[in-house]
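Coordinate analysis (summary)
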Amino acid sequence: MSAVSDRLPTFPWDKLTPYKTTAAAHPDGIVDLSVGTPVDPVPELIQKALVAAADSPGYPTVWGTPELRDAITGWAERRLGARGVTHRHVLPIVGSKELVAWLPTQLGLGPGDRVAYPRLAYPTYEVGARLARAAYEAYDDPTELDPEGLKLLWLNSPSNPTGKVLPKEELTRIVAWARSHGILLFSDECYLELGWEADPVSVLHPDVNGGSYDGIVSVHSLSKRSNLAGYRAAFLAGDPAVLAPLLEIRKHGGMMTSAPTQAAVIAALGDDDHVRVQRERYATRRELLREALVTHGFRIEHSEASLYLWATRGESCWDTVDHLAKRGILVAPGDFYGPAGAEFVRVALTATDERVAAAVQRL
């Protein structure tokens, strides 16, 4: 076990513990804008679907029910503009983080293979490569990478942590480059339905992929758009030649979404109204926090989508974390996401209206 754990970096969130203690000591309590975990209620129609499926004594299937696959394919065509998506093009997963962490291993990558991800990125991309003992590297422009030995290329648009959105033309160029070198491209699009100053586009859109899903897979989650982080509900969509072997591997590994959760996902993907309501909540909180941070002396970069504000005061991110913790506000230091984030903090929009108002007051 130690041989595996020794491959991994220190779990970053543990470093925040003393700052969380400081923030919690504020007379009016902590405002936690660090992790980005949803705090609003699970929509009632989703809860009802979960409860109705609670009597599920049998094993669920890894591929999900036909109804679940119908819901995923229908959503991909309706929301992403994808065309010709069949059951063979989709695969439910147990939340997106487990997929990111174990994908290189499930793809059979190892020493001598390379995994690449954005310069500022969700740290689990690196963790996945480390678990597989593959090499890993960060990029500014993936088409400038040496394609030799590069087996897995991660895109992330909208970005976590920066909220940056890759325009359609950029996605098209990167997809073409990856295909020309036989590099498998996975696009993490978990924040796609949360665009504010940009309209995020999926790699599944025919304008991007030319009507072919060869060599591309997109990753989607219901954690943020439907407040289902506690349900562990996500899915893949894309190249059947990639998804079919993954399905077989995941069958052997028992990586299955619970039957009640599958029923809840069907309800969630079939209803757009609750997504609109949640977007409005986040939009209001975003405007309040953005104005307060700017007034307090911060500069906001990117942040045109996702659930975060990427903010800086031109100092060490840990000095900023300390500064805000003394005001009872906890944020994530930018260096969690790579050295390029050393002077930034990530401020999540995932707090109640009352707690956001408290943060605004303190700022």
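In this text, all values refer to a predicted model and were calculated from it rather than measured experimentally.

Let's shift gears to the sheet that holds strand E7 (residues 216–221). Here we have seven strands laid out as an open sheet, ordered E2-E8-E7-E6-E5-E3-E4, and mixed in their pairing. Lying at the two open borders of the sheet, with one neighbouring strand each, are strand E2 (90–93) and strand E4 (135–139). For this sheet the average axis-to-axis angle between neighbouring strands, irrespective of direction, equals 20°. Two strands pair when backbone bridges link them, and strand E6 (residues 184–188) and E7 are joined in this way by four bridges, in the parallel orientation. For Ser187, the partnering residue across the bridge sits in E7 and is Ser218. On top of the sheet, helix H6 (residues 124–132) reaches strand E3 (114–118), E4, strand E5 (150–156) and E6; it is set at about 160° to E4, its chief contact.

Within the secondary structure layout, Ser306 lies in the loop between strand E9 (299–301) and strand E10 (308–312). Ser306 sits in the buried class, given a relative accessible area of 0%. At 3.4 Å, the side chain of Ser306 forms a polar contact with the backbone nitrogen of Tyr308.

On to the pattern of salt bridges. In the structure shown here, the tally under the stated rule is 26 salt bridges. Across the pair Arg79 and Glu193 runs a salt bridge whose closest N-O atoms are separated by 3.2 Å. Placement of Arg79 in helix H4 (residues 66–80) and of Glu193 in the loop between E6 and helix H8 (206–209) is noted, with a sequence separation of 114 residues between them. A relative accessible area of 28% means that Arg79 is categorised as partly exposed. Given the relative accessible area of 10%, Glu193 is considered buried. Arg173 is the partner of Glu170 in a salt bridge, and the nearest nitrogen-oxygen pair spans 2.7 Å. Placement of the pair is Glu170 and Arg173 together in helix H7 (residues 168–180), with a separation of three residues, close to one helical turn. Take Arg173: its relative accessible area is 33%, and that puts it in the partly exposed class.

Backbone torsion omega between Ser157 and Pro158 reads 0°, so that peptide bond is classified as cis. Within the secondary structure, Pro158 sits in the loop between E5 and H7. A positive phi is found at Arg133, a non-glycine position, where the angle reads about 65°. Turning to its location among the elements, Arg133 is positioned in the loop between H6 and E4. Positioned with a positive phi, His302 is a non-glycine residue whose angle comes to about 50°.

In this section: H6. Among the nine residues in H6, seven count as buried, and that is most of the element. Listing the buried residues of H6 in full gives Thr124, Tyr125, Val127, Gly128, Ala129, Leu131 and Ala132. In the segment just after H6, Arg133 is the residue with positive phi, at about 65°.

To continue, consider empty space enclosed by the protein. Taken as a whole and assessed by the stated rule, the structure comprises two cavities of 30 Å³ or more. By volume, the largest cavity is sized at about 80 Å³. In terms of lining residues, the largest cavity is bounded by Trp75, Glu189, Cys190, Tyr191, Leu192, Glu193, Leu194, His220, Ser221, Arg225, Phe235 and Leu269. Partitioned by chemical class, the residues of the lining of the largest cavity number seven nonpolar, two polar and three charged. What the second largest cavity holds in volume is close to 40 Å³. Forming the walls of the second largest cavity are Leu68, Pro92, Ile93, Leu222, Ala233, Ala234, Thr257 and Val265. Grouping the constituent residues of the lining of the second largest cavity by class yields seven nonpolar, one polar and no charged.

Let us look at the packing of helix H11 (residues 273–295) against helix H13 (residues 353–362). Direction vectors running N to C along H11 and H13 enclose 15°, while the axes themselves pass 9 Å from each other. One finds that H11 runs roughly parallel with respect to H13. Seen along the crossing, H11 lies across H13 with a hand that is left-handed. On H13, the residues touching Arg285, Leu288, Leu289 and Ala292 of H11 are Asp353, Val356, Ala359 and Val360. Classifying every residue of the contact of H11 with H13 gives six nonpolar, no polar and two charged.

Quick notes on the rules
The residue numbering used here restarts from 1 in each chain and proceeds along that chain's sequence as written. For this predicted model, a pLDDT threshold of at least 70 governs which residues receive local features, and a threshold of 80 or more governs which side-chain atom pairs are given and counted, while totals over whole chains, interfaces and linings are taken from all residues. Side-chain metrics in this entry use all non-hydrogen atoms of the structure; hydrogen atoms and water are not considered. In this analysis, strands are considered paired if DSSP registers two or more bridges between them. The secondary structure listing takes helices from DSSP runs of H or I that are at least 4 residues long and strands from runs of E that are at least 2 residues long, numbered from the N terminus. Axes here mean lines fitted to C-alpha atoms, for a helix over just the part in contact, with angles spanning 0 to 180 degrees between N-to-C directions. Two residues form a contact once any of their heavy atoms are found within 4.5 Å. For every residue, the accessible area obtained with a 1.4 Å probe (protein chains only) is divided by the maximum for its type, and the residue is called buried under 20%, exposed over 50%, and partly exposed between those limits. The definition of a polar contact used here is a pair of N or O atoms within 3.5 Å, where within protein one atom must be able to donate a hydrogen and the other to accept one, and adjacent residues in sequence count solely through side-chain atom pairs. In what follows, salt bridge is the name for a side-chain nitrogen of Lys or Arg lying within 4 Å of a carboxyl oxygen of Asp or Glu. The distinction between a cavity and a pocket rests on a 1 Å grid over the protein atoms alone: a 1.4 Å probe fits inside a cavity but cannot get out, while a pocket stays open yet meets protein on both sides within 12 Å along at least five of seven lines, and a residue with an atom within 4 Å of a point counts as lining. Grid points are joined across faces, edges and corners, and a volume is the space filled by probe spheres set on the points. Gly is placed with the polar residues, together with every amino acid not listed as nonpolar (Ala, Val, Leu, Ile, Met, Phe, Trp, Tyr, Cys and Pro) or charged (Asp, Glu, Lys and Arg). For classification purposes, angles smaller than 35 degrees are called roughly parallel, those larger than 145 roughly antiparallel, those between 65 and 115 roughly perpendicular, and all remaining angles oblique. Definitions for this section: a left-handed crossing has its near helix turned counterclockwise from the far helix by less than a right angle. A right-handed crossing has that turn clockwise.

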